[in-house]
Amino acid sequence: MRQDEITEVVERAAKLVTEHYVLPDVAERIATHLGDRLRAGGYADATAPAALAPLVTADLQAANGDSHLRLKHHAAALPERDEDPDEGFWAREAAATMGGIARVQRLAGNVGLLDIRPCLFPPRIAGDAMTAALRLLDSTDALLLDLRGNRGGSPDMVALICGWFFAEPTHLHTMYDRAGNAHQFWSAAHLPVPPYGAGKPVHLLTSAKTVSGGEELAYDLQQLGRATVVGERTGGGAHPCVGHRVHPHLELTVPVLRPVNPVTGTNWEGCGVIPDVEVSAGAAQDVAYRRVLEALLAADPQRPTADEAREALATLP
């Protein structure tokens, strides 16, 4: 890249952050830091957009580590105008991944397993697939909800899934923009599937790679007392963002909202969702499965699936 191109990209990024970043006081510090780095020649060795992206991203995140604030390189040229790059992405990814329903399975002991990855797609795209999965799992006695490979997605899909766990609409969080305007998110009031029984154990599996919307689902269910989180502390990205084209192959993503949980008064930004049972991601399923089988047998040792539950326990580490 020529120096004038680098200057244009960095100055444009600083201006967009100043105008749109959800935390105005932090935005000023970030913009100042970008300007200082530009004048000091911090990007002079970036010979291509792919080389510039990580350098600018590191400086964008230096102030507060916001993982949604970044400069992303795209091999294919971006549209000329600012558009919603997610719209086409959602449709393509959902079509290639069965709407994010990676696995639906009945484990021995009548324990359900739902693996949602790579994303929580918007209900308009994957709502039918999700409700079909929930319907299959409705008769299970406990649930393992696997988000270890989930890299984010739609708050509306989070609200849909939460609607399955709560008999009445439940306040999940309130989104605030930089001006303080608020928008509340509630669990879905109605689904074409019966609610999952309030007494059924739900264990949610996480990894360090669980981020954004996956974290939101884990945080909401944990803080509302509906799920036990088993696994690793999650990535810590809470702020939804908007993309801006700053070069034919570079997109600046700027967080424009921050969620506030009604229970904690805060969110998981920077700190991640802290597991109730902290184990490695690889061990999370076995640990959670053992916990729910033991809980089911303790509640009713003579249950119809007791024998297969005991057999499954004998095979677990």
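What you see is a predicted model, and the numbers here were worked out from it, not measured in a lab. (Residues numbered from 1 in each chain as written. Predicted model: local features only at pLDDT ≥ 70, side-chain atom pairs only at ≥ 80, totals over all residues. Heavy atoms only, no water.)

Undergrad: Help me understand the environment of His 244, please; the structure alone is not making it clear to me.
TA: By the secondary structure assignment, His 244 is in strand β9 (residues 241-247). In this structure His 244 comes out as buried when scored by relative accessible area, which is 9%. Taking the C-alpha atoms as reference points, His 244 and Ala 13, 231 residues apart in sequence, are found 8.9 Å from one another. (Helix = DSSP H or I, 4+ residues; strand = E, 2+ residues; numbered from the N terminus. Buried < 20%, exposed > 50% of the residue type's maximum accessible area, 1.4 Å probe, protein only.)

Undergrad: Sorry, what's going on with the pattern of salt bridges here?
TA: As a working rule, side chains carrying opposite charge can pair if their charged atoms are close by. Inspection of the entire model under this criterion finds 13 salt bridges. The salt bridge partner of Asp 59 is Arg 37, with a shortest N-O separation of 2.8 Å. Pair noted here: Asp 59 is in helix α3 (residues 49-60) and Arg 37 is in helix α2 (residues 24-39), with a separation of 22 residues, a long-range link. Under the relative-accessibility criterion, Arg 37 is labelled partly exposed at 27%. In this structure, Arg 310 and Asp 307 form a salt bridge, with 3.5 Å as the shortest nitrogen-oxygen distance. With Arg 310 and Asp 307 both in helix α9 (residues 306-315), this residue pair falls three residues apart, about one helical turn. (Salt bridge = Lys/Arg side-chain N within 4 Å of Asp/Glu carboxyl O.)

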